[in-house]
Structures are given as structure tokens and as C-alpha cells.
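Summary of the model geometry
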Amino acid sequence: MQWQITVPGSTANLGPGFDSIGLGLSLYLNLTVSLADEWAFIHTGDNVPTDTTAENHLIYKIAYEVAEKFGKELPPCRVEMTSELPLARGLGSSAAAIVGAIELANIVCDLNLSTQDKLNISSQIEGHPDNATASVLGGLTVSAMDESGIVDTIHVREVDAAFVVYIPNVELKTAEARGVLPEQFDRSYAVRASANANMLAAALIAGDYERMGHYMEKDLFHEPFRAQLIPAFHEIHAAAKTSGAYGTALSGAGPTLISLVPTTIAEHFVADMAKKFPEHKVILTKADQNGIVVQSLM
């Protein structure tokens, strides 16, 4: 048997939706999985690990962990892997790999995991539910995870807007990006930050993209502290607004930035921003509507 596992990448936070809001993007991790005599990973393209053995591969380690969790033995597989998600750029590459690995274990070990199981397990491994839920479900997700690791998600499948990502040629590890964040906030500061997050979530659910863009740029939880780590952070914000974006925010922890853009101007917007920021890869994308997809090939 052979299976094709397609997992959307994601953007997280969208400004003040810190560790809670995620959006599946039409940029994908693809795994072609077949049973084999021994483990092998075949990497194709640029956005895949180059310095790992099968036993140290993230997908193997997560799949093994999931199989063991359910008392199953993980059979060896040949995994052909391609990805449109650059590593350590804030586009959910690790979450997509985790979600793909859980699905691999689910298939080859006959685990019969529910969607809720996949949300819980992937979010527990990630440590927060934003990217993981978006890769499982696609579309927009607003999520919370309780102390026992159970995830509650409000899911909006269709998002009628375009998104533009600006990917610099530098990596930023999440641990480094978290290292610059304050340990605590004053109460009045936290109230304002929370109010902005609430307004962002409400605008997302209402489909009010103009207001959503406004609150994407009102984060107080993380962007003021991470801005120093991000190439052209302020310049891209200003230029995107001038060119017609609703709003711009860090994609996850960065260093990629993402703009919410009216679909009517999307192609012209990308061309304009690509000229202004030639040192970035500027890509037009949209919300994925399907989440993880599995196809049996034979």
C-alpha cells in the first residue's frame, strides 16, 4: 500500500492572537508513504532537512511516539517528502511535520484517530494549538488548550481574502523569538492587549477583514519585543499599508511577515512589494480550506 499525505502550512497569531489563532495556508508539506523493510526518508527540494538520519527525523520520532502511546508497533516505511514550507521561517513547518507524522502513525498502525484526537495530540506536542489546529483543519482556527491538553476550537473554513508572505533569507528559531518576551505584564497593559486580541477574533469570525487588518497591527503581546529580530519589520508594514493591505503582522514568531490583502488588488500588490523588497521572497497565497488530506495511491 502507498498513501499520499498532504498537510497545509500555517500562519499563527495574526497579531495579538498569541498562541491561539491559526490560519491554514495553501502552501503544503507532502509525504508519500509506503511500507518497507527498513526506514528511509527521501527528500526532494529545498525546504526539507538535510542533516538527519531516519531515527533522528522529526516525522519518525513523532510517529513512533504516537504508535507507542496507543500500544502499537510502528512498521518501517519509505517516506518521500517535499515541502513548500521553508524551515524556521514562521510558516508552520514543524507543526505540519507533526500533523503529518501523527497521520502516518494513524494509517500504518490502524489507530482510527478522530479529528479531536489529532487536534489534541498535535497541540500537546507543539505546546500550543495555533499552528497545529490550522494544519489539521485548514481555514481559520481560534483555539484554547486546557491543563489536561484537551483542545477546543472554533473553525471557520472559508476566508475570502488574499494573504501575502514576505520570507527573508534568514532563519529564526522559535526558542530565540520567545527568549525576548517579557515574563509578565502590568494589569492595565494586559487588559489592552487582551482587548485587542478579542477584537481580532471577533473580526475574524464576522468576516470583517478591514477591522481584522486594523487589529492585526495592534498586538502588544509579542511583536513589540520581536520586531528587533525581524528584517525590514517596520518598512514592510509601512509599504504594505501604502499599497492597500488591510494589515500586516508577524507570521508566527517570524521572521516571515504576512499581509491581509483584498483579493481585487492581490496580484498588483505582490508585484509592487516584490520590487520594493527584493531581498525577500514575496508570495501570494490564500487560506487552505481542507486541512490534512490523505489519499490511497494503490
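Residues numbered from 1 in each chain as written. Predicted model: local features only at pLDDT ≥ 70, side-chain atom pairs only at ≥ 80, totals over all residues. Heavy atoms only, no water.

**What to know about the pairing of strand β9 (residues 257–261)**
Put simply, side chains in a regular strand alternate between the two faces of the sheet. The test is simple: Each residue's exposure class comes from its accessible area (1.4 Å probe, protein chains only) as a fraction of the maximum for that residue type: buried when under 20%, exposed when over 50%, partly exposed otherwise. A helix here means a DSSP run of H or I that spans at least four residues, while a strand means a run of E at least two residues long, and both kinds are numbered starting from the N terminus. DSSP calls a pair of strands paired once it identifies at least 2 bridges connecting them.
Counted residue by residue, β9 has five buried out of five residues, so it is predominantly covered. Covered by surrounding structure in β9 are Leu-257, Ser-259 and Val-261 together with Ile-258 and Leu-260, the residues of both alternating faces. Looking at chain direction, strand β7 (residues 162–168) and β9 are connected through five bridges and run antiparallel. From the neighbouring strand, Ala-162 faces β9, where its bridge partner is Val-261. Relative to β9, strand β8 (residues 247–250) is paired through four bridges, and the arrangement is antiparallel.

**Re the side chain of Asn-13**
Rules: In protein, a polar contact requires one atom able to donate a hydrogen and another able to accept it; more generally it is a pair of N or O atoms within 3.5 Å, and residues adjacent in sequence count only if both atoms are side-chain atoms. Contact between two residues is taken to exist if any of their heavy atoms lie within 4.5 Å; hydrogens are not considered.
Of note, Asn-13 is situated in strand β1 (residues 2–13). Look at Asn-13 and you get buried, because its relative accessible area is 3%. A distance of 2.9 Å separates a polar side-chain atom of Asn-13 from the backbone nitrogen of Asp-19. One polar contact links the side chain of Asn-13 to the main-chain carbonyl oxygen of Gly-252, over a distance of 3.2 Å. With residues near it in sequence (within four places) discarded, Asn-13 still touches Phe-18, Asp-19, Ile-21, Asp-130, Leu-200, His-222, Arg-226, Gly-252 and Ala-253.

**Focus: empty space enclosed by the protein**
Selection rule: Of the grid points, spaced at 1 Å and generated over the protein atoms alone, those admitting a 1.4 Å probe that cannot get out make up cavities, while open sets with protein on both sides within 12 Å along at least five of seven lines make up pockets; any residue with an atom within 4 Å of a point is treated as lining. Grid points are joined across faces, edges and corners, and a volume is the space filled by probe spheres set on the points.
Tallied over the entire structure, the rule returns one cavity of 30 Å³ or more. For the largest cavity, the calculated volume is near 40 Å³. If you trace the largest cavity, you find it lined by Val-99, Ile-102, Glu-103, Lys-118, Ser-122, Val-136 and Ile-292. The set of elements that each furnish at least two residues to the lining of the largest cavity consists of α2 (93–108) and α3 (115–126).

**Quick word on the layout of surface pockets**
To be explicit about the condition: The residue classification treats Ala, Val, Leu, Ile, Met, Phe, Trp, Tyr, Cys and Pro as nonpolar and Asp, Glu, Lys and Arg as charged. All others, Gly included, are polar.
In this structure, the largest pocket spans a volume of roughly 1,100 Å³. In terms of lining, the largest pocket is formed by 46 residues, of which the most central are Pro-86, Leu-87, Ala-88, Arg-89 and Ser-93. Of all the elements, α2 adds the most residues to the lining of the largest pocket, at four residues. Classifying every residue of the lining of the largest pocket gives 19 nonpolar, 16 polar and 11 charged.

**What about α2?**
For clarity, the threshold we go by: To estimate how far a helix should reach, multiply one less than its number of residues by 1.5 Å.
The end-to-end C-alpha separation of α2 is 22 Å, in line with the 22 Å expected for 16 residues at 1.5 Å each. Downstream of α2 by a residue or two, Asp-110 has a phi angle that is positive, lying close to 50 degrees.

**Some remarks on the packing of helix α9 (residues 233–242) against helix α10 (residues 266–276)**
Inclusion rule: Axes, fitted as lines to C-alpha atoms, cover a helix only where it is in contact. Angles between the N-to-C directions of the axes lie from 0 to 180 degrees. For any pair of crossing helices, the crossing counts as left-handed if the nearer helix is rotated counterclockwise from the farther one by less than a right angle, and right-handed if it is rotated clockwise.
In the contact formed by α9 and α10, the axes pass within 11 Å of each other and the chain directions differ by 145 degrees. Handedness of the crossing formed by α9 with α10: right-handed. Taking contact as the criterion, the partners of Ile-236, Ala-239 and Ala-240 in α9 are, on α10, Phe-269, Met-273 and Lys-276. Split into classes, the residues belonging to the contact of α9 with α10 amount to five nonpolar, no polar and one charged.

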